[in-house]
Amino acid sequence: MTLRLLPALLCGLFALMPLVATAVDAPHAASPAPVPAVPGNGLALRPPMGWNSWNHFAGRITAKDVRAMADAMVSSGMRDAGYVYVNIDDTWEGTRTAAGEIRANDKFGDMKALADYVHARGLKLGIYSSPGATTCAGFLGSHGHEDSDARTFATWGVDFLKYDYCGARDLYPVTLENQQALFRRMGAALRKTGRPMVYSLSQSGDFDIWRWGPGTGANMWRTTPDISDDWTSMSQRGFRQLDLTVWSGPGHWNDPDMLEIGNGGMTPDEYRTQMSLWSLLPAPLLAGNDLTSMDAATRDILLNREVIAVDQDPAGKPARRIEKQGDVEVLVRDMSDGSVVVGLFNRGDRPAPVSIPWQRVHARFGSGAHVRDLWAHTSRTETSPFHAVIARHGVILLRLTPMAAARILPSRHA
Ligand code: GLA
């Protein structure tokens, strides 16, 4: 296992290389022309929500753990809050039968039985593969077996595929043409099965994938190298998305990687920043922690239904940055009910004051607004301007309704 996981370490290094060569915030050099989307599969009309095994378990994940996570998703209330995908990442893959069919390794055994277990709990099962002969962690990839593997996934009852270019880097040079062709090939194979499966592409944001992802049939695509459980990694990836939101929307989402909330490397303020930022963008919410041992702060963050409602707003309109005051950034997102969500983020290392006239958020808030604080769970009426101090690396997330509308719709914000 140690040797087999060596490629995963290398994959981590590959993922870091772009960080070394160019800052994550740097603009991309080559911008390929947008590619027309293939007809949508009707899935992921809102950013997918669920859990993925990689951030916490990496190569240690087993079927027993997946069952435990499925149980915890139900008992913790996560399923009922919208987290439905239970996604197995790399290292489940075994060998092929004489007929070329892929089989799970001994850690997983009977995948159909596992899918049945997950489905019986009202959840959906996700799986991982690569266009390479091997995956990023050195396990069996789908190269030359795309149709067969897609059929096998469909037979097992898989509902979501993460397809990672990393493992194909040896076999095919990392070119735009190779990536497009290989991602399209699996996209077509999935469609041929007739089973609805969310198609999630994984690479590091190479070749401005947001411009051509929909042309492969994908529902989401990673826009950054692998996230790690620290402030710099998370905040750089998250804030960088603000330049890319035009490419993201219902059925086709930018994916700045999975959540690290609850993994222990960041403070509750920093984890609230990840949850708030991913929800404002909006981005998929794939938890990456051990769901069987969540502390109260982790539960409060992952299960904050008012913040989840921002992420899952049906219109899928992206947030925009309206102001920078030193380390403070002010993000605004229009909601489909006419309210506006404002995220006041402090990217600095000390508490920072912020002052903002509500008119800058929207002319409708000229004289003030009804304000719901989505982390404090309090409501009040604010006259303009709004003043507050934001904790180091923290966020204040507010949902604003014009005062007149607040009088008409008191129950929505009670
Ligand atoms: C790459 C991906 C990660 C994870 C690993 C698995 O690094 O970016 O998210 O899937 O591969 O090997």
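Values in this document were obtained by computation on a predicted structure and should not be read as measured data. (Residues numbered from 1 in each chain as written. Predicted model: local features only at pLDDT ≥ 70, side-chain atom pairs only at ≥ 80, totals over all residues. Heavy atoms only, no water.)

Regarding the domain arrangement of the protein chain
Filter applied, for reference: Domain start and stop positions are those given by an automatic or database domain assignment. In short, buried area is how much 1.4 Å probe accessible area vanishes from two parts on joining, totalled over both. For salt bridges, the criterion is a side-chain nitrogen of Lys or Arg within 4 Å of an Asp or Glu carboxyl oxygen. Between N or O atoms, a polar contact is any pair within 3.5 Å; within protein, one atom must be a potential hydrogen donor and the other a potential acceptor, and residues adjacent in sequence are included only when both atoms are from side chains. Only DSSP runs of H or I with at least four residues qualify as helices, and only runs of E with at least two residues qualify as strands; both kinds are numbered from the N terminus onward. Charged residues are taken to be Asp, Glu, Lys and Arg, nonpolar residues to be Ala, Val, Leu, Ile, Met, Phe, Trp, Tyr, Cys and Pro, and polar residues to be all remaining types, Gly included.
Taken domain by domain, the protein chain holds domain 1 (7-311) and domain 2 (320-408). Computed from C-alpha coordinates alone, the two centres of domain 1 and domain 2 are separated by 31 Å. Carbon and sulfur atoms make up 64% of the area that domain 1 and domain 2 hide from each other, which totals about 2,000 Å². Run the count over domain 1 and domain 2 and you get 2 salt bridges. E306 is paired through a salt bridge with R372; the nearest N and O atoms lie 2.8 Å apart. Inspection of the region where domain 1 meets domain 2 yields 9 residue pairs in polar contact (both at pLDDT 80 or more). Secondary-structure elements contributing two or more residues to the side of domain 1 that touches domain 2 are α9 (231-240), α10 (268-280), α11 (296-302) and α12 (305-311). Considering each element in turn, the side of domain 1 that touches domain 2 owes the most residues, 9 residues, to α10. Classifying every residue of the side of domain 1 that touches domain 2 by side-chain character gives 11 nonpolar, 6 polar and 7 charged.

With respect to the state of the cysteines
For clarity, the cut-off: In plain terms, two cysteine sulfur atoms within 2.5 Å form what is called a disulfide here.
Per the stated rule, a full pass over the model turns up 1 disulfide. Each disulfide pairs two cysteine sulfurs, and for C136 the partner residue is C166, the sulfurs being separated by 2.0 Å. Taking the sign of the torsion about the S-S bond as the criterion, the disulfide between C136 and C166, at about 60°, is right-handed. Of this pair, C136 sits in the loop between β5 (124-129) and α6 (146-156) while C166 sits in the loop between β6 (160-164) and α7 (176-193), and the two are 30 residues apart along the sequence.

Considerations on the side chain of S233
As a reminder of what qualifies: Contacts were defined at the residue level, with two residues in contact if any of their heavy atoms lie within 4.5 Å.
Looking at the secondary structure, you find S233 in helix α9. Sequence-distant contacts of S233, that is, excluding residues within four places in its chain, are made with D226, I227 and S228.

Concerning the packing of aromatic side chains
For clarity, the cut-off: Between 30 and 60 degrees the pair is tilted, below 30 it is stacked and above 60 it is edge-to-face, where a pair is any two Phe, Tyr or Trp rings, Trp via its six-membered ring, whose centres lie within 6.5 Å. Relative accessibility decides the category of a residue: with a 1.4 Å probe and only protein chains considered, values under 20% of the type maximum give buried, values over 50% give exposed, and everything between is partly exposed.
Counted by the stated rule, this structure contains 11 aromatic pairs. Here the aromatic rings of W51 and F57 are separated by 6.0 Å at their centres, their planes lie at 75°, and the arrangement is edge-to-face. Both residues of the pair, W51 and F57, belong to the buried class. Plain terms: the ring middles of W92 and W156 are 5.6 Å apart, the flat faces sit at 80° to each other, and that makes the pair edge-to-face. Placement of the pair is W92 in the loop between β2 (85-87) and β3 (93-96) and W156 in helix α6, with a sequence separation of 64 residues. Classification of W156 as buried rests on a relative accessible area of 10%. An aromatic cluster of at least three residues, connected via ring pairs, comprises Y163, Y165, F183, Y199 and W212.

Brief notes about α10
Quick reminder: α-helices carry 3.6 residues per turn. Residues three or four places apart thus point the same way. Applied cut-off: Any helix carries an expected span of 1.5 Å times its number of residues minus one.
Along its 13 residues, α10 runs 18 Å from first to last C-alpha, staying within 8% of the 18 Å computed at 1.5 Å per residue. Taken across its 13 residues, α10 has 10 buried, putting it largely inside the fold. Residues E270, Y271, T273, Q274, M275, S276, L277, W278, S279 and L280 constitute the buried set of α10.

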